[in-house]
Amino acid sequence: MATIAFIGLGQMGAPMANNLIKQGQQLHVFDISQAAVQTLVLQGACSAKSAADAAKEAEFVITMLPNGDLVRNVLFGDEGVCTTLRTDALVIDMSSIHPLQTDALIREMNQKGFSMMDVPVGRTSDHAVAGTLLLLAGGTPAQVERATPVLMAMGNELVNAGGPGMGIRVKLINNYMSITLNALSAEAATLCEALGFSFDVALKVMSGTPAGKGHFTTSWPNKVLKGDLSPAFMIDLEHKDLGIALDVASSDAARCGLTRALQPGARRQTWTPGLDSHS
Ligand code: NAD
């Protein structure tokens, strides 16, 4: 089993560190919150006075921090990891930070003779507790191979993203897509409400089409991803449908519906728009 420094014991880091302890690893933990450190000590970790103190015997150093400036400070600050780090140790940044910061950190670590990779995670703090995070590994093949047994204590699916800095890049694209789709989903749900029909109807329709299932896994695999870029639905027809949807959404009927829908205890009126289901 390995000696691991774990720095950043928040909503994600604390359960991730706990899962490493359960795997039998020797953990040295540091956080600016003493309470966070104490919780991990009760679970079997050794308390460290600083990031440098946590890192001094470590084979792996894991950082799970809110932003890139903090990662930089934890690595290169006065009491930072690099002041004590062994040259044979592997630093794994699991935070979600700007990829250009990741590139710069990896470059500077390498210039100092240290090894660093990025492994941000997908999913939520519940998955962190359950040890079922999605691990997005950015590193050299040797780094990914070396880190995998340790990483698999924290997740149940590891994707090799294809090289240093690629883990954070794929993570950000995933989050961009997920967040914008969530905003669009909220707009669609609001429109249902405004037009006065049950959300269950929308759910039934959209959960069976690419609108709800996503195009990557439905319309793309047998077409776009196989190089077939010929139109399956004409852009002028899509333009017409989008135009109608926007027109309906900005109509007085929708605005009145929304006003009614937002009133406490309001009964929804049924509107029969005759909209086509978009397959
Ligand atoms: P958090 O704010 O709960 O925890 C961050 C921890 O870092 C805190 O305990 C804080 O005290 C500690 N910290 C801050 N500065 C420090 C320093 N200089 N030295 C040592 N410790 C320091 O954040 P979180 O939710 O655990 O998220 C951590 C990272 O994981 C973020 O980059 C976030 O974007 C990413 N992430 C979060 C989620 C989520 O659902 N919360 C999911 C995936 C990825």
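Refer to the preceding data block for the structure.
Presented here is an overview of the structure given in this document. Just so you know, these numbers come straight off a predicted model, no measurement behind them. The numbers attached to residues start from 1 for each chain and follow its sequence in the written order. In view of the model being predicted, local features appear only for residues whose pLDDT reaches at least 70, and side-chain atom pairs are presented and counted only at 80 or more, with totals across whole chains, interfaces and linings using the full set of residues. By convention in this description, side-chain values take in all heavy atoms of the structure and omit both hydrogens and water.

## Describing the packing of helix α4 (residues 68-76) against helix α5 (residues 99-111)
Between two packed helices, the angle of one axis relative to the other and the distance separating the axes together describe the packing. As a reminder, the rule being used: All axes here are fitted lines through C-alpha atoms, helices being fitted over the stretch that makes contact, and every angle between N-to-C directions spans 0 to 180 degrees. A run of H or I in DSSP becomes a helix once it reaches four residues, and a run of E becomes a strand once it reaches two; helices and strands are each numbered from the N terminus. Roughly parallel means an angle under 35 degrees; roughly antiparallel means over 145; roughly perpendicular covers 65 to 115; every other angle is labelled oblique. Should any heavy atoms of two residues lie within 4.5 Å, those residues are considered in contact. Amino acids are sorted into nonpolar (Ala, Val, Leu, Ile, Met, Phe, Trp, Tyr, Cys and Pro), charged (Asp, Glu, Lys and Arg) and polar (every other residue, Gly among them).
Following both chains from N to C, one finds α4 and α5 inclined at 10 degrees, their axes separated by 10 Å at the closest point. In terms of their interaxial angle, α4 and α5 are classed as roughly parallel. Contacts between α4 and α5 involve Gly 68, Asp 69, Val 71, Arg 72, Leu 75 and Phe 76 from the first element and Gln 101, Ala 104, Leu 105, Glu 108 and Met 109 from the second. Among the residues forming the contact of α4 with α5, the class breakdown is six nonpolar, two polar and three charged.

## Section: the site of the ligand
Using the following cut-off: It suffices for a single heavy atom of a residue to lie within 4 Å of a molecule or strand for the residue to be listed as near it. Pairs of N or O atoms are called polar contacts if they sit within 3.5 Å, as long as, within protein, a hydrogen donor faces a hydrogen acceptor (for residues adjacent in sequence, only side-chain-to-side-chain pairs). Surface exposure here means Shrake-Rupley accessible area, sampled with a 1.4 Å probe, where a residue is shielded only by the protein chains that are shown.
The local shell around the ligand holds 21 residues, among which Gln 11, Met 12, Asp 31, Leu 65 and Ser 96 are the closest. At 3.4 Å, a backbone N or O of Gly 10 approaches an oxygen atom of the ligand. For the ligand, whose free accessible area comes to 840 Å², the fraction covered by protein is 75%. Taken together, the residues that form the shell around the ligand break down as eleven nonpolar, seven polar and three charged.

## Description of the nonpolar core
Operational definition: We define a nonpolar core as any set of buried Ala, Val, Leu, Ile, Met, Phe, Trp, Tyr and Cys residues linked to one another through side-chain atoms lying within 4.5 Å. Note on classification: 1.4 Å probe, protein chains only; a residue is buried when its accessible area is under 20% of the maximum for its type, exposed when over 50%, partly exposed between these limits.
If you look at the biggest cluster of nonpolar residues, it comprises 35 residues, and the most contacted ones within it are Phe 6, Met 16, Ile 92 and Met 94. At the level of elements, β1 (3-7), α1 (13-22), β2 (26-30), α2 (34-42), β4 (60-63), β5 (90-93), β8 (133-137) and α7 (141-151) are the ones that each hand at least two residues to this core. Per-element tally for this core: the top contributor is α1, with five residues. Listed in part, the 24 residues of the second largest apolar core include Ala 54, Leu 75, Leu 85 and Val 91.

## A look at the sheet that holds β5
Rules: The rule for pairing is simple: two strands pair if DSSP sees at least two bridges between them.
Read across the open sheet, the six strands follow the order β3-β2-β1-β4-β5-β6; overall the sheet is parallel. Edge positions in the sheet fall to β3 (46-47) and β6 (115-118), since each has one partner strand and no second. As paired strands, β1 and β4 are joined by four bridges and run parallel to one another. Bridge pairing in β4 links Ile 4 to Phe 60.

## Thoughts on the pattern of salt bridges
Filter applied, for reference: Here, a salt bridge means any Lys or Arg side-chain nitrogen found within 4 Å of an Asp or Glu carboxyl oxygen.
The final tally for this structure, using the stated rule, is eight salt bridges. In this structure, the salt-bridge partner of Arg 72 is Glu 108, at a minimum N-O distance of 2.7 Å. Taken together, the positions of Arg 72 in helix α4 and Glu 108 in helix α5 put the pair 36 residues apart, joining distant regions of the chain. Close ionic contact of Arg 169 with Asp 103 constitutes a salt bridge, the shortest N to O distance being 2.7 Å. Taken together, the residues span a long stretch of sequence, with Arg 169 in helix α8 (residues 166-195) and Asp 103 in helix α5 at a distance of 66 residues. A relative accessible area of 25% places Arg 169 in the partly exposed class. Using a relative accessible area of 24% as the deciding quantity, one classes Asp 103 as partly exposed.

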